[in-house]
Amino acid sequence: MSDIDIAQANEQSEMKPIQEIGSMVGLSPDELEPYGRSKAKLTLAAIKRLKSKPLGKLVLVTSINPTPAGEGKSTVTIGLGDALRLRKQNAVIALREPSLGPVMGMKGGATGGGYSQVVPMEDINLHFTGDMHALTTAVDTLAALIDNHLQQGNQLNLDPRRIQWRRVLDINDRALRHVTIGLGGTTSGVRGKPSLTSPWPAN
């Protein structure tokens, strides 16, 4: 079975409600903000409570040599988390960010591989709880606000030659790396290019 076949089979038959997962690590239902049956964010109250608890031990899994098939960081991390739970340790894993690789039938992603995966794979890799979309929308809204402020008279006396707030996308698409956003003038916005790798302004 491929990674996505394994993930989909487990999504349909073995996924536990997120409240049950939360209770396994000491979270009450009112400390979770559910996104459907299988996903949730921690509430601010839960984060504050957890910050007051003693720190646990941290294991960092990383690599330096990328390969076309991925390096196996996520798979190792998930397997390690499973092993610690089997030894009755109160283990939680944190994965960096998703990759579209498994959805497209290529390389690994942030959900692991084989029988060492986090589910629901498609939700995690494609949208999850919408945080990345919210971030890009917020940054691009600020960029539009700056452009509109310049168009409406520039009361703050911003210098468009020295201040740049780049638009962002949450997909690193090579074809868009050199797209010109503004053509200048009074109607076409401040001349600039989008940053597809960082939501922060360029120097």
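The shown structure was predicted, so the numbers you read here are calculated from the model rather than taken from an experiment.

**A closer look at the overall build of the protein**
Moving on, step 1. Looking only at helices and strands, the protein features six helices and six strands.
Moving on, step 2. Moving toward the C terminus, one meets the helices and strands of the protein in the order α-α-β-β-α-α-β-β-α-α-β-β.
Moving on, step 3. Each of the 203 residues in the protein was classed as buried or not, and the buried ones make up 23%.
Moving on, step 4. Relative to all contacts within the protein whose residues are 6 or more apart in sequence, the contacts with residues 24 or more apart total 47%.
Moving on, step 5. For the protein, the accessible surface area stands at approximately 14,500 Å², while carbon and sulfur atoms represent 57% of it.

**Examining helix H4 (residues 73-86)**
Moving on, step 1. The terminal C-alpha atoms of H4, which comprises 14 residues, lie 20 Å apart, in line with the 20 Å expected from a rise of 1.5 Å per residue.
Moving on, step 2. All buried positions along H4 are accounted for by Ser74, Thr77, Ile78 and Gly81. The buried residues of H4 occupy one face: seen down the axis, they fall within an arc of 95 degrees.
Moving on, step 3. Of the surrounding secondary structure, the elements contacted by the buried residues of H4 are strand S3 (112-113) and strand S4 (116-117).
Moving on, step 4. Two residues or fewer past H4, Lys88 is found with a positive phi of approximately 70 degrees.

**Some remarks on the pattern of salt bridges**
Moving on, step 1. Overall, the coordinates contain two salt bridges when judged by the stated rule.
Moving on, step 2. A salt bridge links Glu31 to Arg49; the nearest nitrogen and oxygen atoms lie 2.6 Å apart. Taken together, the residues Glu31 in the loop between helix H2 (18-24) and strand S1 (32-35) and Arg49 in helix H3 (residues 44-51) connect sequence positions 18 residues apart.
Moving on, step 3. A relative accessible area of 31% places Arg49 in the partly exposed class.

**Things to note about the pairing of S1**
Here is the key point about a regular strand: its side chains alternate between the two faces of the sheet.
Moving on, step 1. Pairing between S1 and strand S2 (residues 39-42): four bridges, direction antiparallel. Considered in S2, the bridge of Glu33 is made with Lys41.

**Overview of the confidence of the model for the protein**
Moving on, step 1. Of the residues in the protein, 79% reach a pLDDT of 70 or more, and the chain-wide mean stands at 79.
Moving on, step 2. Element-level pLDDT for the protein is lowest in strand S6 (residues 188-192), with a mean of 68, against a maximum mean of 93 in H3.
Moving on, step 3. The low-confidence segment residues 196-203 (pLDDT under 50) makes 16 contacts with residues lying over four places distant or belonging to another chain.

**Quick look at the side chain of Glu31**
Moving on, step 1. Taking relative accessible area as the criterion, Glu31 reaches 10% and is therefore assigned buried.
Moving on, step 2. In terms of polar contacts, Glu31 uses its side chain to reach the side chain of Arg49, at 2.6 Å.
Moving on, step 3. For Glu31, the residues in contact, after removing those within four places along its chain, are Gly26, Lys41, Leu42, Thr43, Ala46 and Arg49.

**Focus: the environment of Lys73**
Moving on, step 1. Tracing the backbone shows Lys73 in helix H4.
Moving on, step 2. Residue Lys73 is classed as partly exposed on the basis of its relative accessible area, which comes to 30%.

Conventions we followed
Residues numbered from 1 in each chain as written. Predicted model: local features only at pLDDT ≥ 70, side-chain atom pairs only at ≥ 80, totals over all residues. Heavy atoms only, no water. Helix = DSSP H or I, 4+ residues; strand = E, 2+ residues; numbered from the N terminus. Buried < 20%, exposed > 50% of the residue type's maximum accessible area, 1.4 Å probe, protein only. Contact = heavy atoms within 4.5 Å. Areas by Shrake-Rupley, 256 points an atom, 1.4 Å probe, with all protein chains shown as cover. Expected span 1.5 Å × (residues − 1). Arc of directions from axis to C-beta. Salt bridge = Lys/Arg side-chain N within 4 Å of Asp/Glu carboxyl O. Pairing = 2+ DSSP bridges. pLDDT = per-residue confidence, 0-100. Polar contact = N/O pair within 3.5 Å; in protein donor to acceptor, adjacent residues only side chain to side chain.

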